[in-house]
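# Descriptive analysis of the structure
This is what each chain is made of:
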Amino acid sequence: MPDIKHLIENNKTWADAQVKKDPDFFKRLVDQQSPEYLWIGCSDSRVPANEIVGMAPGELFVHRNVANQVIQTDFNCLSVIQFAIEALKVRHILVVGHYGCGGVKAALESKPHGLVDHWLYPIRDVYREHAEELEQLGEAEQIDRLCELNVIEQVKNLAKTNMVQEAWDKGESLTIHGWVYRLDNGLVNDMNVSVSSREGMEQVYHVYHQKLPKGVRN
């Protein structure tokens, strides 16, 4: 059996340090979870969500998957989004990719990677839609630009979900943001694609949960 006792020892050291620094730290965590933010990010171990934005446990609700995707058939991700909006009442959803993403890189490669290839097909679709731009770039720049385009696409996918549109119908304050994190300097790059309403989204993706606006047919 692999020896992982050091992880348990690390846990005890960390817990003791937290109590020493703040005796009520764990009591507060037990009593309340009320984050204003949902982070949808990549599974990459080099992208620690809470640390990047300087937030303590309980302040950021987190979902992670390979290449930070929002796919309409991923019930894991959709369940997290629904819980975040309806139960936690988050006000902001952050879709956060990172430059040099291995998932994005794999999507560009013409070789098999196993089951993950099925997961990465939507990123290949993003490449196809922007092929003219991407094919003018070198390999590293191409990967980084596709990381940005993927985040932008996931913001759009998130805005298409029933849960988000229903929250907007109810007049709830909910804004989706798209960021890309740089591993080499620890800073996020805002893609400036924040959205807090249906405006700018194609009509075909609108799903109304209350009385239809005047002029809109069911």
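Heads up: these notes are all about the structure in this document. As the structure is a computational prediction, the values presented were derived from the model and not from experiment. (Residues numbered from 1 in each chain as written. Predicted model: local features only at pLDDT ≥ 70, side-chain atom pairs only at ≥ 80, totals over all residues. Heavy atoms only, no water.)

### Topic: the packing of aromatic side chains
- A full pass over the atoms with the stated rule returns 4 aromatic pairs.
- Centroid distance Trp14 to Phe26: 5.6 Å. Interplanar angle 80 degrees. Geometry classified as edge-to-face. In this pair, Trp14 sits in helix α1 (residues 5-21) while Phe26 sits in helix α2 (residues 25-31), placing the two residues 12 residues apart along the sequence.
- Judged by relative accessible area, which is 28%, Phe26 ranks as partly exposed.
- Ring plane angle 85 degrees and centroid distance 4.9 Å describe the contact between Phe25 and Phe26, whose orientation is recorded as edge-to-face.
- Phe25 sits in the buried class, given a relative accessible area of 7%.
- An aromatic cluster of at least three residues, connected via ring pairs, comprises Trp14, Phe25 and Phe26.
- Here the basic side chain of Arg182 rests over the ring of Tyr99, its NZ or CZ set 4.1 Å away from the ring centre. (Phe/Tyr/Trp six-rings, centres within 6.5 Å; stacked < 30°, edge-to-face > 60°. Helix = DSSP H or I, 4+ residues; strand = E, 2+ residues; numbered from the N terminus. Buried < 20%, exposed > 50% of the residue type's maximum accessible area, 1.4 Å probe, protein only. Lys NZ or Arg CZ within 6 Å of the ring centre and 35° of its normal.)

### Focus on the pattern of salt bridges
- With the rule as written, the count across this model stands at 11 salt bridges.
- The partner of Arg124 in a salt bridge is Asp117, with the nearest N and O atoms 3.9 Å apart.
- Overlapping salt bridges, with partners in common, bring together Glu133, Arg145 and Glu148 in one network. (Salt bridge = Lys/Arg side-chain N within 4 Å of Asp/Glu carboxyl O.)

### Here's the deal with the side chain of Arg198
- Within the element layout of this structure, Arg198 appears in the segment after β5 (188-190).
- One polar contact links Arg198 to Gln165, side chain to side chain, over a distance of 2.4 Å.
- At a separation of 2.5 Å, a polar atom in the side chain of Arg198 contacts the side chain of Asp169. (Polar contact = N/O pair within 3.5 Å; in protein donor to acceptor, adjacent residues only side chain to side chain.)

### Section: the environment of Gly186
- Here Gly186 is to be found in the loop between β4 (175-181) and β5.
- With a relative accessible area of 30%, Gly186 lands in the partly exposed category.
- Sequence-wise, Gly186 and Lys12 are 174 residues apart; in three dimensions their C-alpha atoms are separated by 28 Å.

### Points about the side chain of Thr175
- Mapped onto the fold, Thr175 is located in strand β4.
- Residue Thr175 is classed as buried on the basis of its relative accessible area of 16%.
- Ignoring sequence-local partners within four residues, the contact set of Thr175 consists of Arg91, His92, Ile93, Ser194, Val195 and Ser196. (Contact = heavy atoms within 4.5 Å.)

### Here we look at unusual backbone geometry
- Phi at Asn68 is positive, roughly 45 degrees, even though this residue is not glycine.
- Counting through the fold element by element, Asn68 comes out in the loop between β2 (60-65) and α4 (75-86).
- For Asn68, a relative accessible area of 2% corresponds to the buried category.

### Observations concerning the nonpolar core
- Leu38, Ile81, Leu158 and Ile176 are the most contacted members of the largest nonpolar core, which totals 30 residues.
- Breaking this core down by element, the ones donating at least two residues are β1 (37-42), α4, β3 (92-98), α8 (139-159), α9 (162-169) and β4.
- Those residues in contact with Leu38 that sit more than four places away from it in its chain are Phe61, Val62, His63, Val80, Ile81, Ala84, Val90, His92, Ile93 and Leu94.
- Ranked by size, the runner-up nonpolar core spans 16 residues in total, among them Cys42, Leu120, Ala131 and Leu149. (Core = buried A, V, L, I, M, F, W, Y, C linked by side-chain atoms within 4.5 Å.)

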